[in-house]
Amino acid sequence: MNHKLLTTERTDIFVQNKELVDKMCFYYKINGTHLSRWEPLRSDDYYSVSEVTKRLDSALNSFEEGQSVQLAALDKNNSAVIAVCNFTNIVRGPFQACFLGYSISKECEGKGYMQEILTVAIEYMFRHLGLHRIMANYIPSNVRSGKLLDKLGFEREGVAKSYLEINGQWADHILTSLIFSSEKITN
Ligand SMILES: CC(C)(COP(=O)(O)OP(=O)(O)OC[C@H]1O[C@@H](n2cnc3c(N)ncnc32)[C@H](O)[C@@H]1OP(=O)(O)O)[C@@H](O)C(=O)NCCC(=O)NCCS
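Residues numbered from 1 in each chain as written. Predicted model: local features only at pLDDT ≥ 70, side-chain atom pairs only at ≥ 80, totals over all residues. Heavy atoms only, no water.

### Thoughts on helix α1 (residues 21–30)
(1) Moving on: Of the positions making up α1, those classed as buried are V21, M24, C25 and Y27. Burial along α1 is one-sided: seen end-on, the buried residues are contained in an arc of 155 degrees. Set apart from the buried face of α1 by more than 90 degrees, the exposed residues are D22 and K29. (Buried < 20%, exposed > 50% of the residue type's maximum accessible area, 1.4 Å probe, protein only. Helix = DSSP H or I, 4+ residues; strand = E, 2+ residues; numbered from the N terminus. Arc of directions from axis to C-beta.)

### A look at the site of the ligand
(1) Moving on: Around the ligand, the structure places 21 residues, and the nearest of them are E109, G110, N142, R144 and K151.
(2) Moving on: Note that an oxygen atom of the ligand is positioned 2.9 Å from one of the backbone N or O atoms of Q115.
(3) Moving on: When the ligand is considered free in solution it has 980 Å² of accessible area, and contact with the protein chains removes 69% of it.
(4) Moving on: Where the shell around the ligand is concerned, the elements lending two or more residues are α2 (32–36), β5 (97–104), α4 (113–128), β6 (133–138) and α5 (143–152).
(5) Moving on: Each residue belonging to the shell around the ligand can be placed in one class, and the counts come to eight nonpolar, eight polar and five charged. (Near = heavy atom within 4 Å. Polar contact = N/O pair within 3.5 Å; in protein donor to acceptor, adjacent residues only side chain to side chain. Areas by Shrake-Rupley, 256 points an atom, 1.4 Å probe, with all protein chains shown as cover. Nonpolar A, V, L, I, M, F, W, Y, C, P; charged D, E, K, R; others polar.)

### Here we look at the pairing of β5
(1) Moving on: For strand β4 (residues 81–91) and β5, the ladder comprises seven bridges, and the chain directions are antiparallel. Directly across from N86, in β5, lies its bridge partner G101.
(2) Moving on: If you look at the hairpin formed by β4 and β5, you'll find five residues sitting between the two strands, and G93 has a positive phi there, around 65 degrees.
(3) Moving on: As a crossover connection, the stretch from β5 through α4 into β6 is right-handed. (Pairing = 2+ DSSP bridges. Right-handed = clockwise from strand over helix to strand, strands pointing away.)

### Points about the pairing of β6
(1) Moving on: Two elements, β5 and β6, share three bridges in a ladder whose sense is parallel. Paired with F99 across the strands is M135, a residue of β6.
(2) Moving on: Pairing of β6 with strand β8 (residues 169–179), which is carried by six bridges, proceeds in the antiparallel orientation. Looking at β8, one finds that M135 is bridged to S177.

### Some points on the pattern of salt bridges
(1) Moving on: Considering all chains together, one arrives at nine salt bridges under this definition.
(2) Moving on: With its nearest N and O atoms 2.7 Å apart, the salt bridge here joins E116 to R10. A residue pair is termed long-range when its members are at least 10 positions apart, and E116 in helix α4 and R10 in the loop between β1 (4–7) and β2 (11–15) qualify at 106 residues.
(3) Moving on: Looking at E116, the relative accessible area reads 16%, which means it is buried.
(4) Moving on: One salt bridge connects K18 with D57, and the closest N-O pair in it is separated by 3.9 Å. One end of the pair, K18, is in the loop between β2 and α1; the other, D57, is in helix α3 (residues 49–64), with 39 residues separating them in the sequence.
(5) Moving on: Note on D57: relative accessible area 31%, which makes it partly exposed. (Salt bridge = Lys/Arg side-chain N within 4 Å of Asp/Glu carboxyl O.)

### Some remarks on the packing of α1 against α3
The packing of two helices is summarised by the inter-axis angle and the distance between the axes.
(1) Moving on: Where α1 meets α3, the closest approach of the two axes is 10 Å, and the angle between their N-to-C directions is 115 degrees. As α1 runs across α3, the sense of the crossing is right-handed. From α1, V21, M24, C25 and Y28 reach across to α3, where they touch V49, V52, T53, R55 and L56.
(2) Moving on: Residues belonging to the contact of α1 with α3 are distributed by class as follows: seven nonpolar, one polar and one charged. (Axes fitted to C-alpha atoms, helices over the stretch in contact; angles between N-to-C directions. Left-handed = near helix turned anticlockwise from the far one by under 90°. Contact = heavy atoms within 4.5 Å.)

### Quick notes on the packing of α4 against α5
(1) Moving on: The contact between α4 and α5 brings their axes to 11 Å, and the two run at 45 degrees. On the basis of the axis angle, α4 is oblique to α5. Relative to α5, the crossing made by α4 is right-handed. Seen from α4, the contacting residues are M114, Q115, L118, T119 and I122; seen from α5, they are L148, K151 and L152.
(2) Moving on: Looking at the contact of α4 with α5, its residues break down into five nonpolar, two polar and one charged. (Parallel < 35°, antiparallel > 145°, perpendicular 65-115°, else oblique.)

Structural data, given as structure tokens:
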């Protein structure tokens, strides 16, 4: 499979591209209920093969143009997508920043995979792409997400009222950021 970017002990991480369409569709199919609580409402069409293919194409173009790094982590046999993480809205100039969003398959939750994947992905964003700040925001009731960001070193910066329309409701979000420091990342 093409576009492998990174590896971790238990996963191979690919830039999202249309070769992954069947695996991505399966990921969305088996995780619909698990993910819907934390995502915007989507039309049925959003998860059709043609729409997912379009988004995967666009993710690869966007990566090649330096605008985003949208990743899919697969098991070591490369048989299934187990997690997705998207570094989007890369802004250069004096900001050197982006947003981060992520999710993991329900069956892999609670096993440390997301932290393992994000640790190397974040290192790539800082060391390889030279970014300075990664911003990640979560709904206060999303305790797992808050714990994950905390473990990764993200710091709370405030609360944004009515920040994103999630699952049909405008929801307040806790704003966090991780700022590059050569001391924080080992290897
Ligand atoms: C948010 C989310 C990605 C967090 O995933 P996660 O699996 O909890 O994250 P981690 O990788 O940090 O795993 C933590 C757990 O793994 C355990 N763990 C850590 N290392 C481990 C290892 N090597 N082996 C086994 N377990 C391990 C930890 O003890 C912890 O378990 P616990 O919290 O059940 O006690 C996940 O809940 C999710 O996809 N939610 C739905 C989508 C979502 O909310 N996205 C974010 C929107 S802001």
